[in-house]
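Summary of the model geometry
The chain contents come next:
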Amino acid sequence: EAGALWGGRFASGPSPELQAISKSTQFDWVLAQYDIRGSKAHAKALAAAGFLTEQELTDMHAALDELSARVFDGRFVAAEEDEDVHSALERGLIEIAGVQLGGKLRAGRSRNDQVAALGRMYLLEHAENIAQLVVDLVEALHAQAVSHEGAILPGRTHMQHAQPILLAHHLGAHAWPLIRDLERLRDWKIRTTASPYGGGALAGSSLALDPRLVASELGLGEPLENSIDGTAARDVFAEFAYITAQIGIDVSRLAEEIIIWNTKEFGFVRLHDGYSTGSSIMPQKKNPDIAELARGKSGRLIGNLTGLLATLKAQPLAYNRDLQEDKEPVFDSISQLEVLLPAFTGMVATMTFNTERMAELAPQGFSLATDVAEWLVKQGVIFRDAHEISGELVRYCEERGIELHDPSDEELQSVSEHLTPGVREVLTIEGSVNSRIGAGGTASVRVAEQLATLAERIAEF
Ligand code: ARG
């Protein structure tokens, strides 16, 4: 049977139905170059242990380099009967080097330790790229924040006007979760660089090959302590799927706000033409499709995580073929983020804010009521009463269809003797914003500090 790695004990070849369900080359081919790098390292370990002569090692490396070149330019591709990328590449190696040499490479390793290691290598490399794309997004948020110093936004809780805040403060609040995602990727990397190579099928190798040699050739770290664990565990895959899902969720929250801000009713932002789409029937339409796709893809990223966890649940030790299902979810999460993040960053970097409209709306909806209460506390009124008095002022204004700064001095007095004209000092947006000087608060001095810290954190990654 061409290319099959396990024909020996079988009287008949595989049925077509088996071949169809078993096959993974349609998605694991992306591991081909990692597999060849692993094979070159494994050949070194075989030579170091005396299973290949120096000449054989040289010839093996030359054949693997030739195979790599053929894979790269498409002269070597998976054949219909290849079960997976590993068996296809062994077929390719034997085509180039002959069976006498090519047939020696598999000694002392199994596809089980091989695929566990290659998956880690693939994820580690793409994680670097994703981290860079997240950094780009954080930089775009930081740049927008810095260039809108002083711009006001109606801050919301429960989607209702709550307190006026600085736009830069709000944009920073979208950046910090992404910094934590970068930290997560950094922590995840420590666990993921541990190497399963050398674990064999599950029990380890009897050929005394040096697993450290292979690991260091591949840029991996220390071999895992337990060969069974090394071949059977996919927790670092699941952790990666979680981190990518969390990135999707963090992006989706900003996406949702941009969709809302971009409505006629809000009118807070305008999207750049290059980052919005039109309608095939309604000529006037300009749609925030990138933000909507971000919202949609976050669901898909969560699905990849939950699907993978369900695959892993209750699998007995050690390797089971179920584990072949580990790859598509994480590969998909990578390719989704690799298209989503650059588009999303471009949209964020180029969107423009209608700061006048945001500032005009910020004091409406009685968003300065907390400032009135806190001003009363500073005058010696206990907070319980201050809250009550401020609430009565809100009701007074709401009944008359006016805002908090509209009542005359006499009207203020009629609501409460404590509401002296001095209260007007906090009934302005600037007064309110700049009074919030507590740690992490919206006062411009605090926000400026925060943005400086954010810039330092960006430089870490
Ligand atoms: N293609 C398999 C996977 O992706 C690796 C092969 C292991 N197969 C086996 N029969 N032990 O997990």
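Scoring rules and cut-offs
- Residue numbers run consecutively from 1 along every chain, following the written order of its sequence.
- With pLDDT at 70 or above as the cut-off, local features in this predicted model cover only qualifying residues; side-chain atom pairs require 80 or more to be listed or tallied, and sums for whole chains, interfaces and linings still use all residues.
- UniProt positions are given in the numbering used here, feature names are shortened, and annotations may be inferred rather than shown by experiment.
- Each helix corresponds to a stretch of at least 4 residues labelled H or I by DSSP, and each strand to a stretch of at least 2 residues labelled E; elements are numbered beginning at the N terminus.
- Two strands are counted as paired when DSSP detects at least two bridges linking them.
- By this rule the span expected of a helix is its residue count minus one, scaled by 1.5 Å.
- Between the buried cut of 20 or more and the exposed cut of 12 or fewer other C-beta atoms within 10 Å of a residue's own C-beta lies the partly exposed class, and all C-beta atoms are placed from the backbone.
- Each residue gets a C-beta atom placed from its backbone, and two residues are in contact if those atoms lie within 7 Å.
- Either an automatic procedure or a domain database provided the assignment from which the domain bounds are taken.
- We define the nonpolar core as any set of buried residues of the types Ala, Val, Leu, Ile, Met, Phe, Trp, Tyr and Cys, connected via C-beta atoms lying within 7 Å of each other.

For the rest of this paragraph, the subject is the UniProt feature "domain: Argininosuccinate lyase C-terminal" (unreviewed entry) in the protein. As recorded in UniProt, the feature "domain: Argininosuccinate lyase C-terminal" (unreviewed entry) lies at residues 366–434. Each end of residues 366–434 is marked by a C-alpha atom, and these two atoms are 18 Å apart; helix forms 59% of the span and strand 0%.

Here the focus is the pairing of strand S1 (residues 152–157). The side chains of a regular strand alternate, residue by residue, between the two faces of the sheet. Across six bridges, the pairing between S1 and strand S2 (residues 160–166) is antiparallel. Considered in S2, the bridge of Arg-156 is made with His-161. The turn linking S1 back onto S2 is made up of two residues, and His-158 within it adopts a positive phi angle of 55°.

Let's shift gears to helix H3 (residues 32–48). Here H3 is 17 residues long and its end C-alpha atoms lie 24 Å apart, about the 24 Å a rise of 1.5 Å per residue gives. Burial in H3 covers these residues: Ala-32, Tyr-34, Asp-35, Ile-36, Gly-38, Ser-39, Ala-41, His-42, Ala-43, Ala-45 and Leu-46. Buried positions along H3 lie against helix H4 (54–73), helix H5 (85–97), helix H7 (111–147) and helix H9 (211–217).

Moving on, we come to the domain arrangement of the protein. With domains assigned, the protein is organised as domain 1 (16–107), domain 2 (112–206 + 226–360) and domain 3 (366–460). Spacing between the C-alpha centres of domain 1 and domain 3 amounts to 70 Å.

Most often, soluble globular proteins have nonpolar side chains that are buried together. Within the largest apolar cluster, 56 residues are counted, with the highest numbers of intra-cluster contacts made by Leu-137, Leu-166 and Phe-344. Residue assignment for this core shows that the elements contributing at least two residues are H7, S1, S2, helix H8 (167–192), helix H11 (235–261), helix H12 (289–312), helix H13 (327–350) and helix H19 (444–460). Among the elements that make up this core, the one with the highest residue count is H11 (13 residues). If we ignore the near neighbours within four places in the chain, the residues touching Phe-344 are Leu-137, Val-251, Ile-290 and Ala-294. Core analysis: the next-biggest nonpolar cluster, separate from the first, contains 33 residues, Val-71, Val-85, Ala-97 and Met-121 among them.

Here the focus is unusual backbone geometry. With omega at 0°, the peptide bond leading from Leu-317 into Ala-318 counts as cis. Tracing the backbone through its elements, the reader meets Ala-318 in the loop between H12 and H13. For Ala-208, which is not glycine, the phi dihedral falls at a positive 55°. Although it is not a glycine, Phe-366 adopts a positive phi angle of roughly 60°. Following the sequence through the fold, Phe-366 ends up in the loop between helix H14 (355–361) and helix H15 (369–378). According to the C-beta neighbour criterion, Phe-366 is buried, with 20 such atoms within 10 Å.

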